[in-house]
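# Reading the structure
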Amino acid sequence: MKAIHTVTSPAVPVNIENIDTDQIIPARFLKATSREGFGKNLFRDWRYENDDEQKPRKEFALNDTRFSGKILVAGKNFGCGSSREHAAWAIKDYGFDVVVSSFFADIFKNNALNNFLLPVTVSDEFLKKIFDAIDRNASTPVTVDLESQTIRLEEKGEPVIKEKFEISQYKKTCLLNGYDDIDYLLSMMDEITAFENKPLTHLNAI
């Protein structure tokens, strides 16, 4: 998978709280087992009237031509509901590399990290500032720097504001290097081999 270092992009706002995985990708689209193709059905029931692709809901962010980019900004408690990994697949396949919210369901967060989709948890106050900035100017850039674990909002005419975010150091290493779990183990092969070849020390008598 492609490594993630710094993502600078306008953001797509979905200012709705408690978005569950069935809203992210409805259950009727879960028959496929590969990751490809789920993006076209991301937020399907919110994007179209009566599931008709000829009737897009113009007010929904993914159908609004003002919004584009690799960063999805969502309301609090994103990814709740079922444990389906397809939700992360759909967001990533649509073209997002980062999801920002003030709270993520734990299972969704882990699924996202395993699929090279970076979930960035910010404070409620910072999340509101992002939504407000995008409302004033849809092209406002947001920068997520994984190495420094910071997210910056760079609204035109305003001071740059930033906030730190937390991430597992193991998952951070994987994302920065484009490693899955097997790749990570292979990257440590020299250390593993050295440990295996290390002479046994004195064993205590049983």
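Everything here concerns the structure above.
In this text the structure is predicted, and so the values were computed from the model without any measurement.

Analysis parameters
- Residues numbered from 1 in each chain as written.
- Predicted model: local features only at pLDDT ≥ 70, side-chain atom pairs only at ≥ 80, totals over all residues.
- Heavy atoms only, no water.
- Helix = DSSP H or I, 4+ residues; strand = E, 2+ residues; numbered from the N terminus.
- Buried < 20%, exposed > 50% of the residue type's maximum accessible area, 1.4 Å probe, protein only.
- Contact = heavy atoms within 4.5 Å.
- Areas by Shrake-Rupley, 256 points an atom, 1.4 Å probe, with all protein chains shown as cover.
- Core = buried A, V, L, I, M, F, W, Y, C linked by side-chain atoms within 4.5 Å.
- Expected span 1.5 Å × (residues − 1).
- Arc of directions from axis to C-beta.
- Axes fitted to C-alpha atoms, helices over the stretch in contact; angles between N-to-C directions.
- Parallel < 35°, antiparallel > 145°, perpendicular 65-115°, else oblique.
- Left-handed = near helix turned anticlockwise from the far one by under 90°.
- Nonpolar A, V, L, I, M, F, W, Y, C, P; charged D, E, K, R; others polar.
- Polar contact = N/O pair within 3.5 Å; in protein donor to acceptor, adjacent residues only side chain to side chain.

## A closer look at the overall build of the protein chain
A tally of regular secondary structure across the protein chain gives 8 helices and 7 strands. For the protein chain, buried positions account for 42% of its 206 residues. Taking contacts inside the protein chain between residues at least 6 apart in sequence as the whole, the part at least 24 apart equals 62%. Carbon and sulfur atoms make up 51% of the accessible area of the protein chain, which totals about 11700 Å².

## Some remarks on the nonpolar core
Residues F43, F78, I91, V100, F108 and L118 are the most contacted members of the largest nonpolar core, which totals 56 residues. By residue number, the principal contributor to this core is helix α5 (residues 124-136), which donates 6 residues. With near-sequence residues (within four places) excluded, F78 lies in contact with I19, I24, F43, L72, I91, V99, S101, F103, F104, A105 and F108.

## Observations concerning helix α3 (residues 86-94)
Given 3.6 residues per helical turn, the α-helix brings residues three or four places apart onto the same face. Turning to α3, its buried residues are H86, A87, A88, W89, A90 and I91. In this fold, the buried residues of α3 make contact with α1 (21-24), β2 (71-74), β3 (98-101) and α4 (106-114).

## Points about α5
Helix length check: α5 (13 residues) gives 19 Å between terminal C-alpha atoms against 18 Å at 1.5 Å per residue, within 8%. Within α5 the residues assigned to the buried category are F126, L127, I130, F131, A133 and I134. Considered in projection along α5, the buried side chains sweep an arc of 165 degrees and stay on one side of the axis. α5 presents E125, K128, D135 and R136 as exposed residues on the side facing more than 90 degrees away from its buried surface. Taken together, the buried residues of α5 touch β1 (6-14), β2, β3, β5 (141-145), β6 (150-153) and β7 (161-164).

## Remarks on the packing of α3 against α4
Close contact between α3 and α4 brings their axes to 8 Å; oriented N to C, the two are set at 50 degrees. One element, α3, and the other, α4, form an angle in the oblique class. Relative to α4, the crossing made by α3 is right-handed. Across the interface between the two elements, A87, A88 and I91 of α3 pack against F108, N111 and A112 of α4. Here the residues of the contact of α3 with α4 sort into 5 nonpolar, 1 polar and no charged.

## Overview of the side chain of T140
Inspection of the secondary structure assignment puts T140 in the loop between α5 and β5. Overall, T140 belongs to the buried group, its relative accessible area being 2%. Reaching out from T140, the side chain makes a polar contact with the backbone oxygen of N137 at a distance of 2.7 Å. What T140 contacts, discounting residues up to four positions off in sequence, is S9, P10, A11, A133, L153, E154 and E155.

## Quick look at the environment of D145
Within the secondary structure layout, D145 lies in strand β5. Spatially, the C-alpha atom of D145 lies 8.4 Å from that of T8, the residues being 137 residues apart in sequence. Ignoring anything within four residues of it in the chain, the contact list for D145 reads H5, T6, T150 and F165.

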